[in-house]
Amino acid sequence: MNSRLSIVIIALLICPLTNILRAQETSLLDEVKDSVVETQYVTAAFKSTRVIDGQSIEMLGKGSLDFRILHRFGPISGGVDNLFGLDQSYVRFGFDYAPVNDLLVGIGRSSTKKEIDGFVKFRLLQQSRGATVLPFSLVLVAGAVVNTLPFNDPTIPNYFTSRLNYFFQPLIGSKLTDAISVQLSPTFLHRNLVALSTDPNDIFALGIGGRIKITSRIAFMVEYFHPFNGLVKGVNQDPLSIGFDIETGGHVFQLHLTNASGLNERAFLTDTFNKWAKGEIQFGFNISRVFQL
Amino acid sequence: MKKVLAIVVIVMMSSSLTFAQKYFTKNGNVTFFSKAPLEDIKAVNKKAVCVIDAGTGAMEFAVLMKAFEFEKALMQEHFNENYVESDTYPKGAFKGKITNVSSVNFTTDGSYPVTIAGKMTIHGITKDVTAKGSIVVAGGKINGISEFTLLVADYDIEIPSVVKDKISKSIKITVNVWLEPKS
């Protein structure tokens, strides 16, 4: 074998080796990189389907049943005689169920005014990244609240419809970052029966809610509603609530301070009279337990 | 002498053809299973991307964490939000090698036991992993099967004390991928 030939053979032997070496530097996956980027939906903007009192843009997964216990104590300003409000309580028990992914229906009963409320919540648009970029979610809520107390004046003709109140909300919200989510909750509330002939039946309000995640399981929450019309200035107050969401497996505990004792949309929008500035702040909590059916 | 050269060239060319043969899929199955006293947690990902270089035995996997499907919607949310933090660490990946690739004949149908060693990256943490599995060659396609166990703690995934009874510290991963030759 002459030397020239051996050089050729050695060269031929080395060639594929260098190929291998080069090939190992890059990722094999680069060669099958998907040219089509899939749409990725943004999930878990909030830990719960409620910000605090109001509905959040969050839904439940298909087949989920959420048992919710809402509780508000009396005002802290009640002092030690009322154990800082703990002697009083306002409660709502409710069940929410998601028959499909973008639909949620719920029913609940509040102790105040013995109101039964029900709602239907539908996610029209879900925030997404990737192929389809949508920076926000749009969720529609429609609900009714039935007052089941005896009528105030039984001497006049009373109709069942007088017990009814309706509310509608287009919720627009966005998970801005992994930790920060915000939403706007424009709210239209219709009351079939109002106390005075001068009271408007229709009330328009705007709510704003947000959260800042502190750890993966704890988030700081804030929620504020401002009704634009129909309420008595200086008497009715805007509901403002701040609190924490704490998630432990299937439970979400929402602990908060609020000036609203109402536990449905009609109640917290029109029956909030306590003032933060006067210390008429109430401690409250929501417990959410989700079961998969 | 010219004959020898010709043979050498042919051998080189044919071997470099083998070196170039790669198999891939974008629809591989990766499941994970955790057995705990209170409830079993199971999830399946049907969109695993996998490439195997039959020549070198090099192997790579990539899975989108959000593509793991759970039976319970809430579990899926917690998996993504609280455990693997999919927004921060969207992908899980494995990069390694079939250490005994020479014992696999990619051109003859049959089942070949293999050992795979490499680096697994989950939740931003990379660990060395070794797993046993098999490669089944069937009609030009190959089926890669493997089962191994990962420790949640290895990947800096924290299990809070309140749910520690519900979640096992070790997770069984099952891989079942059908790969096609890459043209």
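Q: Explanation requested: the overall build of chain B in the structure shown.
A: For chain B, the count of helices and strands is two helices and nine strands. Its helices and strands in sequence order give chain B the pattern α-β-β-β-β-α-β-β-β-β-β, from N to C terminus. In terms of principal-axis extent, the alpha carbons of chain B reach across some 75 × 30 × 25 Å. With 183 residues in all, chain B has 44% of them scored as buried. Accessible surface, chain B: about 9500 Å² in total, of which carbon and sulfur atoms supply 59%. Treating the 22 positive side-chain charges of chain B as one cloud and the 18 negative ones as another, the clouds have centres 10 Å apart.

Q: Explanation requested: the overall build of chain A in the structure shown.
A: From N to C terminus, chain A includes two helices and 14 strands. Burial analysis of chain A (293 residues in total) assigns 45% to the buried set. Nonlocal contacts in chain A, meaning residues at least 24 apart in sequence, comprise 57% of its contacts between residues at least 6 apart. As displayed, chain A has an accessible area near 14300 Å², and 67% of this comes from carbon and sulfur atoms.

Q: What is the right way to look at the nonpolar core in this model?
A: Within soluble globular proteins, side chains that are nonpolar tend to cluster in buried spots. Among the nonpolar cores identified, the biggest contains 46 residues, and Phe32, Phe68 and Ile135 of chain B are the most heavily contacted of them. Setting aside residues no more than four positions away along its own chain, Phe32 of chain B makes contact with Ile41, Lys42, Ala43, Phe68, Phe70, Phe79, Ile171, Lys172 and Ile173 of chain B. Counting residues in each nonpolar core, the second largest holds 26 residues, with Val51, Ala98, Phe119 and Leu269 of chain A among its members.

Q: Hey, could you run me through the pattern of salt bridges in this one?
A: For side chains bearing opposite charge, pairing can occur when the charged atoms are close. For the coordinates displayed, the defined rule picks out 18 salt bridges over all chains. The salt bridge involving Lys213 of chain A is made with Glu81 of chain B; its shortest N-O contact spans 2.9 Å. With Lys213 of chain A in strand E10 (residues 202–213) and Glu81 of chain B in helix H2 (residues 73–83), this residue pair bridges two chains. Note on accessibility: Lys213 of chain A and Glu81 of chain B belong to one class, buried. Its salt-bridge partner being Lys141 of chain B, residue Glu180 of chain B comes within 3.9 Å of it at the nearest N-O pair. Taken together, the residues span a long stretch of sequence, with Glu180 of chain B in strand E9 (residues 170–181) and Lys141 of chain B in strand E8 (residues 141–151) at a distance of 39 residues.

Q: Would you mind going over unusual backbone geometry with me for this structure?
A: Trans is the prevailing form of peptide bonds, just as negative phi is the prevailing case for residues other than glycine. Not every positive phi belongs to a glycine, and Glu85 of chain B is a case in point at roughly 50 degrees. Look at Glu85 of chain B and you get partly exposed, because its relative accessible area is 27%.

Q: Would you mind going over the packing of aromatic side chains with me for this structure?
A: Aromatic ring pairs are reported here in terms of the distance separating the ring centres and the angle at which the planes meet. Going through the model one piece at a time under the given rule, you end up with 13 aromatic pairs over all chains. Taking the centre distance of 5.3 Å and the plane angle of 35 degrees together, the rings of Phe32 of chain B and Phe79 of chain B count as tilted. One end of the pair, Phe32 of chain B, is in strand E1 (residues 22–34); the other, Phe79 of chain B, is in helix H2, with 47 residues separating them in the sequence. Judged on exposure class, the residue Phe32 of chain B and its partner Phe79 of chain B are both buried. Among the aromatic residues, those joined into a ring-pair cluster are Phe32, Phe68, Phe70 and Phe79 of chain B. One cation-aromatic arrangement involves Arg217 of chain A over Tyr83 of chain B; the distance from NZ or CZ to the ring centre is 4.8 Å.

Q: What exactly am I supposed to notice about the pairing of E10 of chain A here?
A: Two faces make up the sheet, and in a regular strand the side chains alternate between them. Residues and elements named next belong to chain A. Where strand E9 (residues 180–191) lies against E10, 11 bridges are found, and the strand directions are antiparallel. Within E10, the position partnered with Val182 by the bridge is Gly210. Judged from the nine bridges that link them, E10 and strand E11 (residues 218–227) form a sheet pairing that is antiparallel. Bridging across to E11, Leu206 finds its partner in His226. Connecting the antiparallel pair E10 and E11 is a turn made up of four residues.

Q: Where do I start with the confidence of the model for chain A in this structure?
A: Detailed reading of predicted coordinates is not advised where the pLDDT is low. Put simply, chain A has an average pLDDT of 89, and 89% of its residues get 70 or more. Here residues 20–25 of chain A is modelled with pLDDT under 50, and outside its nearest four sequence neighbours on either side it reaches four contacts, counting other chains as well.

Q: Looking at this structure, I do not really get H2 of chain B. What am I missing?
A: Each turn of an α-helix holds 3.6 residues, which means side chains three or four residues apart point in the same direction. All names here are of chain B. Judged by how many residues are buried, H2 sits mostly within the fold: nine of 11 residues are covered. Every buried residue belonging to H2 is among Leu74, Met75, Glu77, His78, Phe79, Asn80, Glu81, Asn82 and Tyr83, and all of these are buried. Looking one or two residues past H2, Glu85 carries a phi angle of roughly 50 degrees, positive in sign.

Q: Honestly, the environment of Thr121 of chain B in this entry has me stumped. Any pointers?
A: Residues and elements named next belong to chain B. With respect to the secondary-structure elements, Thr121 resides in strand E6 (residues 110–122). Residue Thr121 is classed as partly exposed on the basis of its relative accessible area, which comes to 26%. Separated by 53 residues in the primary sequence, Thr121 and Thr174 have C-alpha atoms spaced 16 Å apart. If we ignore the near neighbours within four places in the chain, the residues touching Thr121 are Lys91, Gly92, Ala93 and Thr126. A polar atom in the side chain of Thr121 sits 2.9 Å from the side chain of Thr126.

Scoring rules and cut-offs
- Residues numbered from 1 in each chain as written.
- Chains lettered and ligands numbered in written order.
- Predicted model: local features only at pLDDT ≥ 70, side-chain atom pairs only at ≥ 80, totals over all residues.
- Heavy atoms only, no water.
- Helix = DSSP H or I, 4+ residues; strand = E, 2+ residues; numbered from the N terminus.
- Buried < 20%, exposed > 50% of the residue type's maximum accessible area, 1.4 Å probe, protein only.
- Areas by Shrake-Rupley, 256 points an atom, 1.4 Å probe, with all protein chains shown as cover.
- Lys, Arg positive; Asp, Glu negative; His and termini not counted.
- Charge placed at Lys NZ, Arg CZ, Asp CG, Glu CD.
- Contact = heavy atoms within 4.5 Å.
- Core = buried A, V, L, I, M, F, W, Y, C linked by side-chain atoms within 4.5 Å.
- Salt bridge = Lys/Arg side-chain N within 4 Å of Asp/Glu carboxyl O.
- Phe/Tyr/Trp six-rings, centres within 6.5 Å; stacked < 30°, edge-to-face > 60°.
- Lys NZ or Arg CZ within 6 Å of the ring centre and 35° of its normal.
- Pairing = 2+ DSSP bridges.
- pLDDT = per-residue confidence, 0-100.
- Polar contact = N/O pair within 3.5 Å; in protein donor to acceptor, adjacent residues only side chain to side chain.

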